[in-house]
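Understanding the architecture of this molecule
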Amino acid sequence: MPTAIHFPQPIDLEEIANVPMLDPPAAGGHRIRRVAAGLVLAFTAGLAGVSVARVTTDQQLSAPAAGIAEMTLRDMVGSTGDRYVAFMGPVSAIQRGEVWVVTLAADLLGLTDGGYTPTGMHFFEIELRQHESGWLVVGGPAEVAGPASVISNPVPLPAPTDSPFTNAIHNYLDWLLTGAPGSYDGKRPDPTPYRSVEITGIASTTDESGTISRVRVRAIDRLGHPIDLAYRLRVIDVGGSWIVVPNS
């Protein structure tokens, strides 16, 4: 049965655009303005670029430009109030002359009598062109087919065996995700996100630094909802005991 979900108040881009700005802006701040041809957001320097697929250029699409594409799509999707973006992120960016074509993946929810319910993953293209010190939206959003690398299924892993090695990994993930007792290095999520964890697949390779294991798990959250997660862990043999640490 669909369950109603509460979401925060959407951001109104027009209201943001009318907020007075200091000149020059403080370090790390940004300026937003509109022009007749479209939406331009001008950001100060110092923001790191984002790593996205680059097909026709050695340049990187900047983090502000990717943010503009996401804001544009979120504004369009939420304009009618009957859809909501549960998750969004860039999956590719291709430079064609002076225009960047950014493909975004968006997990959309639709409003029903029972609340917002999932409608699946959608992919949209937005075209950006650099304008003065900002970026101009010159095309889209246009819904397109998802890239094959995104919509294909993950590589399956062999089923786990009942062994001390597998048990050591399970105990670590149980500590990490469910709050079970244990003595491990590192910081775990707070509050505890899941109430149970089950290993569904595992594959390992060994080198001079230990054994690297790729692990897939089915976790059950505090509301009883399942989610599939994947981890890459380092398992070290210390005096006949398996020690599990994140593979950093």
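Below is a short write-up of the structure.

The next subject is the overall build of the protein. Along the protein, the regular secondary structure elements total four helices and 10 strands. Seen in sequence order, the protein has helices and strands lined up from the N terminus as α-β-β-α-β-β-β-β-α-α-β-β-β-β. Every one of the 248 residues in the protein was classed for burial, and the buried ones make up 34%.

Here we come to the sheet that holds strand β8 (residues 210–221). Ordered by their spatial adjacency, four strands build an open sheet running β7-β8-β9-β10, and the pairing between neighbours is antiparallel. A strand with exactly one partner marks an edge of an open sheet, and here the two such strands are β7 (194–207) and β10 (241–246). Each neighbouring strand pair of the sheet contributes to a mean axis angle of 35°, computed without reference to strand direction. Bridge analysis of strand β9 (residues 226–238) against β10 gives six bridges, and the strand direction is antiparallel. Bridging across to β10, isoleucine 236 finds its partner in isoleucine 243.

On to the packing of aromatic side chains. When we look at a pair of aromatic rings, we describe it by the centre distance and by the angle of the planes. Under the criterion given, the structure shown has five aromatic pairs. Plain terms: the ring middles of tyrosine 172 and tyrosine 184 are 5.2 Å apart, the flat faces sit at 80° to each other, and that makes the pair edge-to-face. On the criterion of sequence distance, the pair formed by tyrosine 172 in helix α4 (residues 164–178) and tyrosine 184 in the loop between α4 and β7 is long-range, its members being 12 residues apart. Ring plane angle 45° and centroid distance 5.1 Å describe the contact between tryptophan 175 and tyrosine 184, whose orientation is recorded as tilted. Given a relative accessible area of 5%, tryptophan 175 falls into the buried group. Ring pairing ties together the aromatic residues Tyr172, Trp175 and Tyr184, which thus form one cluster.

The end-to-end C-alpha separation of helix α2 (residues 63–77) is 21 Å, in line with the 21 Å expected for 15 residues at 1.5 Å each. Listed as buried for α2 are Pro64, Ala65, Ala66, Ile68, Ala69, Thr72, Leu73 and Val77.

Judged from the 14 bridges that link them, strand β4 (residues 99–112) and strand β5 (residues 115–131) form a sheet pairing that is antiparallel. The residue bridging tryptophan 100 from the neighbouring strand is leucine 128, located in β5. Where β4 folds back on β5, the antiparallel hairpin that results is connected by two residues. For β5 and strand β6 (residues 134–144), the ladder comprises eight bridges, and the chain directions are antiparallel. Looking at the pairing, glutamate 127 lines up with glycine 139 of β6. Where β5 folds back on β6, the antiparallel hairpin that results is connected by two residues, among which glutamate 132 adopts a positive phi of roughly 55°.

Looking at the element boundaries, arginine 214 is found in strand β8. Owing to a relative accessible area of 33%, arginine 214 belongs among the partly exposed residues under this scheme. Taking C-alpha positions, arginine 214 is 9.9 Å from asparagine 247, a pair spaced 33 residues apart along the chain. Those residues in contact with arginine 214 that lie beyond four places of it in its chain are Leu157, Gly201, Ile202, Ala203, Tyr231 and Arg232.

Cut-offs and rules
- Residues numbered from 1 in each chain as written.
- Predicted model: local features only at pLDDT ≥ 70, side-chain atom pairs only at ≥ 80, totals over all residues.
- Heavy atoms only, no water.
- Helix = DSSP H or I, 4+ residues; strand = E, 2+ residues; numbered from the N terminus.
- Buried < 20%, exposed > 50% of the residue type's maximum accessible area, 1.4 Å probe, protein only.
- Pairing = 2+ DSSP bridges.
- Axes fitted to C-alpha atoms, helices over the stretch in contact; angles between N-to-C directions.
- Phe/Tyr/Trp six-rings, centres within 6.5 Å; stacked < 30°, edge-to-face > 60°.
- Expected span 1.5 Å × (residues − 1).
- Contact = heavy atoms within 4.5 Å.

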